[in-house]
Amino acid sequence: MSQTYLNMINEQTEKKPIPIWMMRQAGRYLPEYRDIRKNSSFLEMVYTPEIATEITLQPIRRFGFDAAILFSDILVTPQALGMALTFTSGVGPQFLDPIRSIDDINQLKSNESYLNPIYETVRQVRASLPEKTTLIGFAGAPFTVASYMIEGGSSKDLKKTKVMMVTEPKLFSGLLDKVTEVTINYLEQQVIAGAQALQIFDTWINHLDWYSCEQYSANYVQKIVTELRARKVDVPITFFGKQTSVFFPLFQSTGVNVISFDWNGNLSRIDSQLAPEIGIQGNLDPFILYGPNDLMVNRVKDICQSVTSGRPFIFNLGHGLMPDIPIDSVQNVIDTVRSVEF
């Protein structure tokens, strides 16, 4: 059966429906998700295939998105390297023993069987999805994942990460190399298990300057994509980061098929500057979903009509859905996108 998401990326035809999915579409804004969350911790949900499968499918059943993205987290790869992770309400992710020295890096030992439950989730989701719905697997990019490993959790300025980056660049690169290796294997195994597309999240590149973004983000994304292609992983790959609207020239030569843009970017201008073979995904500010319907409809239509070059275009948000987003607003965005002819 035809898939709107994959057709948009793979088939060069003049007019076709605009595919839509939303980052964090499986999550806390859904009452059915909150019902499950009452009885399970976040990591229990991630590593229990039956629960993760159900959560992944919930937004597909409710909204009929053109793609399902695996319910998981970008910080599973450090766990596969032996780091202990906790999620605390009101605090977020925390690593009990953050990376601060070469000895800490040397203690990282790969145990990729830790990720086997996630591959089982991929298999179960793929078997349960409608044939028209694409399954997207994902991973965090090395820079963003390493920042959590160094900071010990979330950070407003990534001070510890950036100090290590500029004062001990070999140490920093060594950590990124370790994360890169496990990330490549993780993404490959997701495709083997049934993922039909991939997305790489380097969310925190907005903390970097141009040179650092090239050296520590774009170069590593290129390493990941190049190795995946060498391993015959031929599914479409999308890249997302905050400030892609600034940094996109660094990523158009990494081998990715699509760049997902934050809400700061003018897609019409980006469309005129981006390499013609690269698709565009994005980029509605999710806060617009709190606003009146006429504002939402106008912004959605503006975005849908901003990509005029004929390149692949996928509608998404400039970042993820918030927990208290009105469900009706999500449906209204979907209905508006599907009323626009690309």
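What you see is a predicted model, and the numbers here were worked out from it, not measured in a lab. (Residues numbered from 1 in each chain as written. Predicted model: local features only at pLDDT ≥ 70, side-chain atom pairs only at ≥ 80, totals over all residues. Heavy atoms only, no water.)

Colleague: Quick rundown of the environment of S260? Include the residues and the values.
Modeller: The topology assignment puts S260 in strand β7 (residues 258–260). Owing to a relative accessible area of 0%, S260 belongs among the buried residues under this scheme. In the structure, S260 is positioned 22 residues away from T238 in sequence and 6.7 Å away in space, judged by C-alpha atoms. Dropping the residues within four chain positions of it, S260 is found in contact with M23, T238, F239, F240, G241, T244 and Q281. (Helix = DSSP H or I, 4+ residues; strand = E, 2+ residues; numbered from the N terminus. Buried < 20%, exposed > 50% of the residue type's maximum accessible area, 1.4 Å probe, protein only. Contact = heavy atoms within 4.5 Å.)

Colleague: Explain the packing of aromatic side chains to me, using residue names and the numbers behind them.
Modeller: Tallying each qualifying case throughout the model produces 15 aromatic pairs. Taking 5.7 Å as the distance between ring centres and 75° as the angle between the ring planes, the aromatic pair formed by F42 and F71 counts as edge-to-face. In this pair, F42 is assigned in helix α3 (residues 42–47) and F71 in the loop between β1 (67–69) and α5 (76–80), connecting sequence segments 29 residues apart. Neither residue differs from the other here; F42 and F71 are each classed as buried. An angle of 50° between the planes, with centres 4.7 Å apart, marks the rings of F42 and F87 as tilted. Highlighted residues: F42 in helix α3 and F87 in strand β2 (residues 85–88), separated in sequence by 45 residues. Taken together through their ring pairs, the aromatic side chains of Y33, F42, F71 and F87 make up a single cluster. Lying across the ring of Y220, K223 places its NZ or CZ 4.2 Å from the centre. (Phe/Tyr/Trp six-rings, centres within 6.5 Å; stacked < 30°, edge-to-face > 60°. Lys NZ or Arg CZ within 6 Å of the ring centre and 35° of its normal.)

Colleague: Lay out the pairing of strand β3 (residues 92–95) in plain terms, naming residues and giving numbers.
Modeller: Note that β2 and β3 share 4 bridges and pair antiparallel. Paired with T86 across the strands is Q94, a residue of β3. Taking the residues that link successive antiparallel strands as the turn, the β2-β3 hairpin has 3 residues, and the phi of G90 there is positive, at about 85°. (Pairing = 2+ DSSP bridges.)

Colleague: So what's going on with the packing of helix α14 (residues 293–304) against helix α15 (residues 327–337)? Which residues, and what values?
Modeller: Interhelical geometry of α14 versus α15 gives an angle of 40° and a closest axis separation of 9 Å. Classified by the angle between their axes, α14 and α15 sit oblique to one another. Like other packed secondary-structure pairs, α14 and α15 cross with a definite hand, here right-handed. In this structure, α14 contributes N293, M296, V297, V300, K301 and C304 to the contact, and α15 contributes S329, N332, V333, T336 and V337. (Axes fitted to C-alpha atoms, helices over the stretch in contact; angles between N-to-C directions. Parallel < 35°, antiparallel > 145°, perpendicular 65-115°, else oblique. Left-handed = near helix turned anticlockwise from the far one by under 90°.)

Colleague: Pulling in residues and values, what's your account of the pairing of strand β4 (residues 134–140)?
Modeller: Burial of β4 is extensive: 7 of the 7 residues sit out of reach of the surface. For β1 and β4, the ladder comprises 3 bridges, and the chain directions are parallel. By the bridge assignment, A68 is partnered in β4 with L135. Sheet topology places β4 next to strand β5 (residues 197–201); 5 bridges connect them, and they run parallel. Of the residues in β5, the one forming a bridge with I136 is A197.

Colleague: So what's going on with the layout of surface pockets? Residues and values would help.
Modeller: Considered as a void within the structure, the largest pocket measures approximately 1300 Å³ in volume. If you trace the largest pocket, you find 40 residues lining it, with R24, R28, F42, D73 and F87 closest to the centre. Among the residues forming the lining of the largest pocket, the class breakdown is 22 nonpolar, 13 polar and 5 charged. Empty space within the second largest pocket amounts to approximately 210 Å³. Considering the residues around the second largest pocket, the lining is formed by 13 residues, among which W263, G265, N283, R299 and I303 are closest to the centre. Elements with a contribution of two residues or more to the lining of the second largest pocket: α13 (267–273), β8 (279–284) and α14. With 3 residues, α14 is the largest single contributor of residues to the lining of the second largest pocket. Taken together, the residues of the lining of the second largest pocket sort by class into 5 nonpolar, 5 polar and 3 charged. (1 Å grid on protein atoms, 1.4 Å probe; cavity = no way out; pocket = protein on both sides within 12 Å on 5 of 7 lines; lining within 4 Å. Points joined across faces, edges and corners; volume = space filled by probe spheres on them. Nonpolar A, V, L, I, M, F, W, Y, C, P; charged D, E, K, R; others polar.)

Colleague: Pulling in residues and values, what's your account of the sheet that holds strand β6 (residues 237–240)?
Modeller: An order of β1-β4-β5-β6-β7-β8-β9 is seen for the 7 strands of this open sheet, with the pairing classed as parallel. At either end of the open sheet lies a strand with only one pairing partner, and these are β1 and β9 (313–317). The sheet shows a mean angle of 25° between the axes of neighbouring strands, direction not considered. Bridge analysis of β7 against β8 gives 3 bridges, and the strand direction is parallel. Bridge pairing links I259 to I280 in β8. Across the sheet, helix α12 (residues 244–251) is in contact with β6 and β7; its angle to β7 comes to roughly 160°.

Colleague: How would you sum up a nonpolar patch on the surface? Please name residues and give values.
Modeller: The grouping of W263, F287 and Y290 at the surface amounts to a nonpolar patch, some 310 Å² of accessible area in total. Tracing the backbone through its elements, the reader meets W263 in the loop between β7 and α13. In this structure W263 comes out as partly exposed when scored by relative accessible area, which is 35%. (Patch = residues over 30% accessible without salt bridge, like charges linked within 9 Å, V, L, I, M, F, W, Y side chains within 5 Å. Areas by Shrake-Rupley, 256 points an atom, 1.4 Å probe, with all protein chains shown as cover. Salt bridge = Lys/Arg side-chain N within 4 Å of Asp/Glu carboxyl O.)

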